[in-house]
2 protein chains.
Amino acid sequence: MNNSRASFLAITLVLLIMLSCKEKAENENQEAISVEAESNHPNLILTQKGVKDIRANLGHIPIFDKSLAETKAEVDTEMALGIDTPIPKDYSGGYTHARHKRNMIILQKAGVLYQILNDEKYAKYAKNMLMQYEGMYKTLPKHPKTRSYARGKLFWQCLNDSNWLVYVSQAYDCIYNYLTEEERNKLETNLFKPFADYISIENPQFYNRVHNHSTWGNAAVGMIGLVMNDEELINRALYGIRGLEMDKTAKDDDGGYINKDGKAGFLANIEEPFSPDGYYNEGPYYQRYAMYPFLIFAEGLHHVKPEVKIFEYKEGVLLKSIKALLNLSDADGEFFPLNDGQKGMSYYNSALVSAVDISYHFGGQDPGLLSIAKLQNSVLLDDSGLAVALGIKNGEEKPFDKKSINLTDGPNGNQGGVSILRNEEIELVFKYTSQGSSHGHYDKLSYSLYDNGDEVIQDYGLARFVNIEQKGGGNYLKENKTWAKQTIAHNTVTQNETSHFKGEFETGNKYHPDLNYFSSKDTRIQVASAKDVHAYPGTEMLRTMAVIKDEDFEKPYVLDLMRVTSDKANQYDFPYYFLGQVLQTNFEYKIPEILKPLGTKNGYQHLFVEGSAKAQSNNSKLSWLNNGKFYTLTTVTTAADDLLFTRIGANDPDFNLRREAALLLRRKNVKNTTFVSAIEAHGSYSTVTESAVNSKSNIADLKVVLDTEDYTAIMITTVKGVSKLFITANTNTEPEHKLTISNKNYEWSGSYYFK
Amino acid sequence: MNNSRASFLAITLVLLIMLSCKEKAENENQEAISVEAESNHPNLILTQKGVKDIRANLGHIPIFDKSLAETKAEVDTEMALGIDTPIPKDYSGGYTHARHKRNMIILQKAGVLYQILNDEKYAKYAKNMLMQYEGMYKTLPKHPKTRSYARGKLFWQCLNDSNWLVYVSQAYDCIYNYLTEEERNKLETNLFKPFADYISIENPQFYNRVHNHSTWGNAAVGMIGLVMNDEELINRALYGIRGLEMDKTAKDDDGGYINKDGKAGFLANIEEPFSPDGYYNEGPYYQRYAMYPFLIFAEGLHHVKPEVKIFEYKEGVLLKSIKALLNLSDADGEFFPLNDGQKGMSYYNSALVSAVDISYHFGGQDPGLLSIAKLQNSVLLDDSGLAVALGIKNGEEKPFDKKSINLTDGPNGNQGGVSILRNEEIELVFKYTSQGSSHGHYDKLSYSLYDNGDEVIQDYGLARFVNIEQKGGGNYLKENKTWAKQTIAHNTVTQNETSHFKGEFETGNKYHPDLNYFSSKDTRIQVASAKDVHAYPGTEMLRTMAVIKDEDFEKPYVLDLMRVTSDKANQYDFPYYFLGQVLQTNFEYKIPEILKPLGTKNGYQHLFVEGSAKAQSNNSKLSWLNNGKFYTLTTVTTAADDLLFTRIGANDPDFNLRREAALLLRRKNVKNTTFVSAIEAHGSYSTVTESAVNSKSNIADLKVVLDTEDYTAIMITTVKGVSKLFITANTNTEPEHKLTISNKNYEWSGSYYFK
């Protein structure tokens, strides 16, 4: 009772203060509303009901109050500095770029503050800035910098102009009722309409395609259309430019087709890149970037055009995609750096604040999302942020439980996919996706391995330092193509020192691996198996990866079977990009006096050879230490196998690459072969106590006991002599299996056997 | 009132439970105490009064209660497993070694639990284990492993036997009154006395010297002597073995003299290695290791022999040394890895729990220590731990404020030292110590640089993986000598590719640099300056390092002046072991197709050359990114200077070295030269927001405007054109200075000028 009375008093107090300060503005606004019955603004992201609810809860929703206070402090600081809308001249990094980018953010926030705090000064500030833009834009030429395939006006590329309009539409909606009709006409006629036309009709190569750039363009045109209630703009946003014929063979700067199949518009941009499971074809790093326009425009559509049923579109793929994206992050919330992904991007990014809040509000109030929102410690200042803040306040959050998951790729979910196998602190990311458009890597059936958020076997990610001007202007570095995209940079098979699809985008873009099976029902053993027959014509690769929690092992271990069959003899290179300090090998190796590159092209020119050996036993072992934990690789070898220690960094004239290691297993002049490995995480080391616990491998022997077209069977024997058998079905999709190995009969149901 | 009543009830409850369960034991003990009036045990670490106070506070001192609960859980688990005292046979890492080590810890803890919880089962357990040791020890031969210069009996080296006795003495003290006189006689005659004699009289090469090993030996003999009230043992502990003559030329396995000057005993072990400021001559990593026996024996002496006034000895150096040690840690509490220090060792180590608690209790209740104890989240289960727990409970803690500090080295404080310059998040460790005994590096006037606990310019530390058996049994690796100790591995001058003192221990051990001046009064500018004239006969090196917080710079920056004068022309190599990713240089460099070692010996054989250039301007600049922060080195160069990018890892057949980089400035065929550099920390980069802030150097020009025997003057000009002048006095120790540079007169008071 005490609490609710205190709340009532606080609310009353807040409202009284608002009223006393802003009485005049209130009255004016109320008048305006009564005069124009059609003006139900704000209705795009904020809604009239939402604003009312937010105001009623202010002071009692800690995470919202905190986000609001931060926003207010930020906007107040900017307002004190005055308005500047300079004549555009710079690339990103330069002043005019940064200023216009900052203006769009502050405009959006000022609009929100006007609504929530009901303080006219924010509306006035936004109006004044918009009027300055109106004054400038009507005579503004193309941006003077010429590097982009689609030059903007405020910025050097239409992409940034679109960003601007996505934010500014929200500001306009918030102060719509504050403006007079005359003011609105002026802004719409001289600024918003021509702005929307410029980034769409005048730049179809940017706007009218399926690409994350276009999504921003579509959202920008659509959102201003919704505020202006302009059906033509809304339709242009949803379906693309009406009646436009485009050159289907044209390519963009990254080598991707601009519009091969004529698809365009926001709905096509949802249709094409998202699989039915919500996997975004370029991978999580780009999904994160694209997420904001997808969701913010969807939220606007949901409010203004509920009949579009945007959140139900393609069986609710937009909301599914948020769950998929969150599942594509490691234990620390960092996205797996598939394709051209920069490491360290995580669900702490502001785009994910939007995604989590919108997913929670419009997607069934999953209490797991509240725990992520709590970590983010920030919410959107709108209805969805209010919902999250109330959920957290009411203690409704539950852990966001990331389990093993298989996400299909392709518009119809039949172009490969990505499997994440999780068991305790071990996460294995098995990638058998399609090319991933222009940001894709030639890395069919590759994987990376994490232990409690730390990389153990790494995917290199991209060769770029985003927005760090000293590194090639913050853009893609040439090593992204010569190294990061190449097959040898990944934990998969490179045949004859040539990348998958010969590193040709057109070829790679045509094909994808196919799932053999995925199984995560048994909590002890998670398995994914996929096959590729296109990366090297005439060669088939079937990879089966399992994360096994066995009572004879301290931690879950990885079993990795890569079965290669070919119509001719080849050289196969199979690297393990382990991170950490080499502790021990069970093979003698030689180190060279001088370091030479391993090859001259296809990424090989970037690898120095630091050590070499011939395998000396049936199992070659490498153990290493990383972040206070021990790891051991055990791989089945024959005396003909070469083992090479390599280090990235050769032919790297600008020190663009990280000097990281790999152990590379090389098999020469073989038609068919199966790479069989186990990777154990075990024990720990502390530099504080200096105690090394369980620092040795638990595997005494790893043996292939059967390897046929239909089945591969591996015997794992521990140092205590306990043996277990893993059998995987290579072809047979029947649920029931019978097999005889060494006169012993095995019968089981399901795709694999483990006992 | 409510609270105090609740506390009273809780205490009463605890006491009642204790009484009801243990009544019989109590009564027996009280009887024993009344019978033997002389038995005032425990009195070594725990005291009778302390036990009473602890019992009275139990349940109300959270950090103590937690430590007690953890200890109880640990001991209960071990007790459930039963007692094992195996016949010794293994090196460290093996079972018998680990078992006896574990036994000593559990014995000590069981004794403490018996006293605090008053539960007889712990006393009985300790008694039983001690009797098993008694049964074994009386006929036990030397340990079968022969690697040590002083083989133990329970362990392969006397050092570990001494560790055992230090802990077990405490257990014996705790159960002294529980044992019958007959039992005590049996243990003392067959176990403790012969044990103490073995590690001292029978192993004088271990016991009778000044060395951290001997400190353990002295403490072991002294602590059992205190419990047994054996004056002879106590004197042997304090003063060494009476009347023993030792070979003054003998050396140990590490190359150090065993006993060059005949000094021995605990007091000599305090006298010699500690400077009056409390700096321990081997550096913080070894001080941490030696700390426990110093302090735990001191605590015992303080209790049993207060007349020794051990905490006042040498003007209170033991307590001073704890403050010195804490000051030798970075922002994360990790010790600077001077000499053979393993990185990552920190004040979270249990030896520092003892040190912090004892320092607090016996050293004037510094509330700053409570904040460290709180971070450690653990206290000693004794009077000092109680004091800390009460201090924390009463909210008395204050931040432990680490300021700039100069610590002298040498028994009398006149053998060089180490200066730590701190300003905001920047810490610079300037080392001008003496050799540091057998663990010393040949690194006169070297330094390392930290930013909020992250290494920016690193000291390599040692080449060893302590206790990781796969790496050379966890012992020093050969690369420790061939790389880590060598001068080229450090951020100082190497002349003619030869280490200081030619890398000869005897020579290095004779000399030390001398302080020119240290100044930390001005909060804006912290300066240390020291000179070495012995590392290279005929060559003098004077280094002056300043950390400057200037209003024209975002963060404090480093100014580094290394003035070298010689009687002949030499080659000088001056490396910067920066950690992180190269962003940009202002000089064109070439990278080699193949990597070759820089040299063949003195550490040069371990450096690959990754790039080379001739300096192309008066200032050569390198900027890099590390842990989300930007750094720029600006160094004054001439066209004759070579710039080499190097990487550690050549001739490293077991991958024992970390593949880390340096930029090496090389001046050939020069007699006198001054290396002048500035290192700026600036800006930040986030992989989550992908924004790069202030990523560029603020220094437009760094210029030597005067460089004479008496003064060096440097002009620093920012990109905005603001110039400041730094003048350092190279020789003149007068407080008042007058100087004319370019017809301008400068007058100042103090060792440097900055304006």
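The structure displayed is predicted, hence computed values, not measured ones.

Colleague: Quick one: what's the story with the interface of chain B and chain A, residue by residue and with numbers?
Modeller: Taken together, the contacts link 49 residues of chain B with 49 residues of chain A. For the pairing of chain B and chain A, the buried interface totals around 4300 Å² over both sides, and the portion due to carbon and sulfur atoms is 54%. Together, Gln-470, Phe-655 and Glu-690 of chain B form the three largest contributors to the area buried by chain B at its contact with chain A, with a combined 18%. Linking chain B with chain A are four salt bridges, by the criterion used here. Close ionic contact of Arg-659 of chain A with Glu-610 of chain B constitutes a salt bridge, the shortest N to O distance being 3.2 Å. Joining chain B to chain A, the criterion identifies 25 residue pairs in polar contact (both at pLDDT 80 or more). Looking at the side of chain B that touches chain A, the element that brings in the most residues is strand β12 (residues 581-585) of chain B, giving four residues. Here the side of chain B that touches chain A is built from residues that sort into 23 nonpolar, twelve polar and 14 charged.

Colleague: Please set out the pattern of salt bridges residue by residue, giving values where relevant.
Modeller: This model, assessed by the stated rule, comprises 91 salt bridges over all chains. Notably, a salt bridge pairs Lys-478 of chain A with Glu-479 of chain A, separated by 3.3 Å at the nearest N-O pair. The shortest N-O distance in the salt bridge between Lys-403 of chain B and Asp-401 of chain B comes to 3.2 Å. Each of Glu-74, Glu-78, Arg-99, Arg-102 and Lys-109 of chain A takes part in one network of salt bridges that share partners.

Colleague: Describe unusual backbone geometry, with residues and values.
Modeller: Keep in mind that most residues, glycine aside, have a negative phi and that most peptide bonds are trans. All names here are of chain A. Backbone torsion omega between His-41 and Pro-42 reads -5°, so that peptide bond is classified as cis. As for its placement among the helices and strands, Pro-42 is situated in the loop between α1 (2-35) and α2 (48-57). Non-glycine residue Asn-743 carries a positive phi angle of around 65°. For Asn-743, the position within the fold is in the loop between β24 (736-741) and β25 (744-749). Judged by its relative accessible area of 77%, Asn-743 is exposed.

Colleague: I'd like a description of the environment of Arg-666 of chain A, backed by residues and values.
Modeller: Residue and element names in this part refer to chain A. By the secondary structure assignment, Arg-666 is in strand β17 (residues 661-670). The exposure class of Arg-666 is buried, given its relative accessible area of 10%. Through-space distance from the C-alpha of Arg-666 to that of Ile-457 is 18 Å; in sequence the pair is 209 residues apart. Contact partners of Arg-666, with chain neighbours within four places excluded, come to Glu-497, Gln-571, Tyr-572, Asp-573, Leu-598, Tyr-604, Asp-641, Asp-642 and Leu-644. In terms of polar contacts, Arg-666 uses its side chain to reach the side chain of Asp-573, at 2.7 Å.

Colleague: Explain the domain arrangement of chain A to me, and be specific about the residues and the numbers.
Modeller: Residue and element names in this part refer to chain A. Here the domain parsing of chain A yields domain 1 (1-205), domain 2 (275-402) and domain 3 (405-754). One C-alpha centre belongs to domain 2, the other to domain 3; they are set 31 Å apart. Each side of the interface is counted separately: domain 2 has 25 residues, and domain 3 has 39 residues. Together, the buried faces of domain 2 and domain 3 total about 2500 Å²; carbon and sulfur atoms form 53% of this surface. Together, Asn-339, Asp-340 and Lys-343 form the three largest contributors to the area buried by domain 2 at its contact with domain 3, with a combined 24%. At the boundary of domain 2 and domain 3, one finds two salt bridges. Notably, a salt bridge pairs Asp-340 with Lys-485, separated by 3.7 Å at the nearest N-O pair. Applying the counting criterion to the domain 2 and domain 3 interface returns 19 residue pairs in polar contact (both at pLDDT 80 or more).

Colleague: Can you lay out the relation of the copies chain B and chain A for me, pointing to particular residues and giving the numbers?
Modeller: If you rotate chain B by 180° and push it 0.1 Å along the axis, it lands on chain A with an RMSD of 0.1 Å. What the rotation and shift describe, once combined, is the action of a two-fold rotation axis. Across chain B, the smallest distance between a C-alpha and the rotation axis is recorded for Leu-595 of chain B, namely 2.4 Å. Of the residues that chain B buries at the interface, 100% are likewise interface residues in chain A, meaning the two copies contact each other through the same surface.

Colleague: Please set out the packing of aromatic side chains residue by residue, giving values where relevant.
Modeller: Residues and elements named next belong to chain A. Scanning all chains against the criterion turns up 74 aromatic pairs over all chains. Pairing Phe-266 with Phe-297 gives two aromatic rings, centres 4.7 Å apart and planes at 70°, and the pair type is edge-to-face. Taken together, the residues Phe-266 in helix α11 (residues 266-271) and Phe-297 in helix α12 (residues 284-304) connect sequence positions 31 residues apart. Taken individually, Phe-266 and Phe-297 each receive the classification buried, so the pair is uniform in this respect.

Colleague: Talk me through helix α12 (residues 284-304) of chain B; I want residue IDs and the actual numbers.
Modeller: Every α-helix winds through 3.6 residues per turn, so residues three or four apart in the chain are directed the same way. Helix length check: α12 of chain B (21 residues) gives 29 Å between terminal C-alpha atoms against 30 Å at 1.5 Å per residue, within 8%. Of all 21 residues in α12 of chain B, 17 are buried, a share of seventy percent or more.

Colleague: Describe in detail the sheet that holds strand β5 (residues 454-457) of chain B, supporting the description with residues and values.
Modeller: All names here are of chain B. An order of β1-β2-β3-β4-β5 is seen for the five strands of this open sheet, with the pairing classed as antiparallel. For this open sheet the edge positions go to β1 (405-408) and β5, each flanked by a neighbour on one side alone. Within this sheet the neighbouring strands show an average axis-to-axis angle of 20°, counted without direction. Of the strand pairs in this sheet, strand β2 (residues 416-423) and strand β3 (residues 426-433) are connected by eight bridges, and their pairing is antiparallel. Bridge pairing links Gly-417 to Tyr-432 in β3.

Colleague: Residues and numbers for the packing of helix α6 (residues 158-175) of chain A against helix α7 (residues 181-199) of chain A, please.
Modeller: Residue and element names in this part refer to chain A. The geometry of α6 relative to α7 is characterised by a closest axis approach of 10 Å and an angle of 150° between their N-to-C directions. One element, α6, and the other, α7, form an angle in the roughly antiparallel class. Our pair here, α6 against α7, has a crossing hand that is left-handed. Of the residues in α7, those touching α6 at Cys-158, Asp-161, Ser-162, Trp-164, Leu-165, Val-168 and Tyr-172 are Arg-184, Leu-187, Glu-188, Leu-191, Phe-192, Phe-195, Ala-196, Tyr-198 and Ile-199. Residues that form the contact of α6 with α7 fall into these classes: twelve nonpolar, one polar and three charged.

Colleague: Break down the sheet that holds β17 of chain A for me, citing the residues and quoting the values.
Modeller: Strand order in the open sheet formed by five strands is β6-β11-β17-β16-β13 (chain A), with antiparallel pairing between adjacent strands. Each of the sheet's edge strands pairs with one partner strand only, and the pair in question is β6 (494-495) and β13 (607-614) of chain A.

Basis of the calculations
- Residues numbered from 1 in each chain as written.
- Chains lettered and ligands numbered in written order.
- Predicted model: local features only at pLDDT ≥ 70, side-chain atom pairs only at ≥ 80, totals over all residues.
- Heavy atoms only, no water.
- Contact = heavy atoms within 4.5 Å.
- Buried area = accessible area lost by both parts, 1.4 Å probe.
- Salt bridge = Lys/Arg side-chain N within 4 Å of Asp/Glu carboxyl O.
- Polar contact = N/O pair within 3.5 Å; in protein donor to acceptor, adjacent residues only side chain to side chain.
- Helix = DSSP H or I, 4+ residues; strand = E, 2+ residues; numbered from the N terminus.
- Nonpolar A, V, L, I, M, F, W, Y, C, P; charged D, E, K, R; others polar.
- Buried < 20%, exposed > 50% of the residue type's maximum accessible area, 1.4 Å probe, protein only.
- Domains from an automatic or database assignment.
- Least-squares fit on C-alpha atoms with pLDDT ≥ 70 in both.
- Phe/Tyr/Trp six-rings, centres within 6.5 Å; stacked < 30°, edge-to-face > 60°.
- Expected span 1.5 Å × (residues − 1).
- Pairing = 2+ DSSP bridges.
- Axes fitted to C-alpha atoms, helices over the stretch in contact; angles between N-to-C directions.
- Parallel < 35°, antiparallel > 145°, perpendicular 65-115°, else oblique.
- Left-handed = near helix turned anticlockwise from the far one by under 90°.

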